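Summary of the model geometry
Single-letter residue listing:
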Amino acid sequence: MSMNPPSPSLSDIRELAHIEDAKHLVEQVIPSEQRLSDDVWSRYSPKYVLLGLKACLAIYVASDGKIVPREFQMKATLSLLAGDDSLVDVGTGYGKTFCMILPSLLFPHEISLVISPLKHLQALQLLEFEKYHIAAVSINEDTPKDAALWKVSI
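Please read these numbers as outputs of a predicted model, since none were measured by experiment. (Residues numbered from 1 in each chain as written. Predicted model: local features only at pLDDT ≥ 70, side-chain atom pairs only at ≥ 80, totals over all residues. Heavy atoms only, no water.)

**A short note on the overall build of the protein chain**
Going by this rule: Here a helix means four or more residues in a row that DSSP labels H or I, a strand means two or more in a row labelled E, and each is numbered from the N terminus. Using C-alpha atoms as the atom set, the radius of gyration is obtained and then compared with a globule rule of 2.2 Å times the number of residues to the power 0.38. Working rule for contacts: check all heavy atoms of both residues, and any pair within 4.5 Å makes them a contact.
A count of helical and extended segments in the protein chain gives 7 helices and 0 strands. A compact globule built from 154 residues would reach a C-alpha radius of gyration of about 15 Å, and the protein chain, at 17 Å, matches this within 12%. For the protein chain, the spread of C-alpha atoms along the three principal axes comes to 55 × 30 × 25 Å. Here the analysis covers contacts within the protein chain between residues at least 6 apart in sequence; of these, 63% occur between residues at least 24 apart.

**Re helix 7 (residues 119–131)**
Note: α-helices contain 3.6 residues per turn, so residues at a spacing of three or four share the same orientation. Let me state the cut-off plainly: One less than the residue count of a helix, multiplied by 1.5 Å, gives the span that helix is expected to have.
Helix length check: helix 7, at 13 residues, gives a terminal C-alpha distance of 18 Å against a target of 18 Å (1.5 Å per residue), a fit within 8%. Those residues of helix 7 hidden inside the fold are in contact with helix 6 (98–106). Taken from the residues just after helix 7, His-133 is the one with a positive phi, measuring 60°.

**Remarks on a negative patch on the surface**
We count it as follows: Without a salt bridge and with relative accessible area above 30%, a residue can belong to a patch; like charges are then joined within 9 Å and nonpolar side chains (Val, Leu, Ile, Met, Phe, Trp, Tyr) within 5 Å. Exposure was quantified through the Shrake-Rupley algorithm and a 1.4 Å probe, taking into account, for residues, occlusion by the shown protein chains and nothing else. Here, a salt bridge means any Lys or Arg side-chain nitrogen found within 4 Å of an Asp or Glu carboxyl oxygen. Under the convention used here, Asp and Glu are negative, Lys and Arg are positive, and both His and the chain ends fall outside the count. Charge positions are represented by NZ for Lys, CZ for Arg, CG for Asp and CD for Glu. The buried label applies to any residue whose accessible area, calculated with a 1.4 Å probe on protein chains only, is under 20% of its type's maximum; exposed applies above 50%, and partly exposed to all values in between.
Taken together, Glu-20, Asp-21, Glu-27, Asp-38 and Asp-39 make up a surface patch of like negative charges. Contributions of two or more residues to the negative patch are made by helix 2 (19–29) and helix 3 (38–41). With 3 residues, the single largest contributor to the negative patch is helix 2. Mapped onto the elements, Asp-21 comes out in helix 2. Taking relative accessible area as the criterion, Asp-21 reaches 41% and is therefore assigned partly exposed.

Below, the structure is given as structure tokens:
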């Protein structure tokens, strides 16, 4: 009876510093049929391949093995991490929120600003962030005038 190796922690994933280590861990942890193809990675520099592999591992581990980013999610996430503009034009329910969650999983001490046009969408995104233990707050006209809300601690 073969046993699967234990999943790495998010801290272990964040500390990966070499592509080969990240590739090896992806091969150990993520089933081959769920991984992004090698073609996806061929267009990126080594720095962004490493970030992308870490993002794949992070969401896979954080979702208890249920989620691996799709190609469009990875492309958008790496664009955001590079500081580039990114436009993701896919329908409702396709996973655009993961493009915002992935950087937060990799860099938990950074602050991200997400602008959502609808209060209902804000509420759904908050729930999604909370599912992955990412601190988030929705600020809109219904937000109480509470000074404590504006204190940021990292």
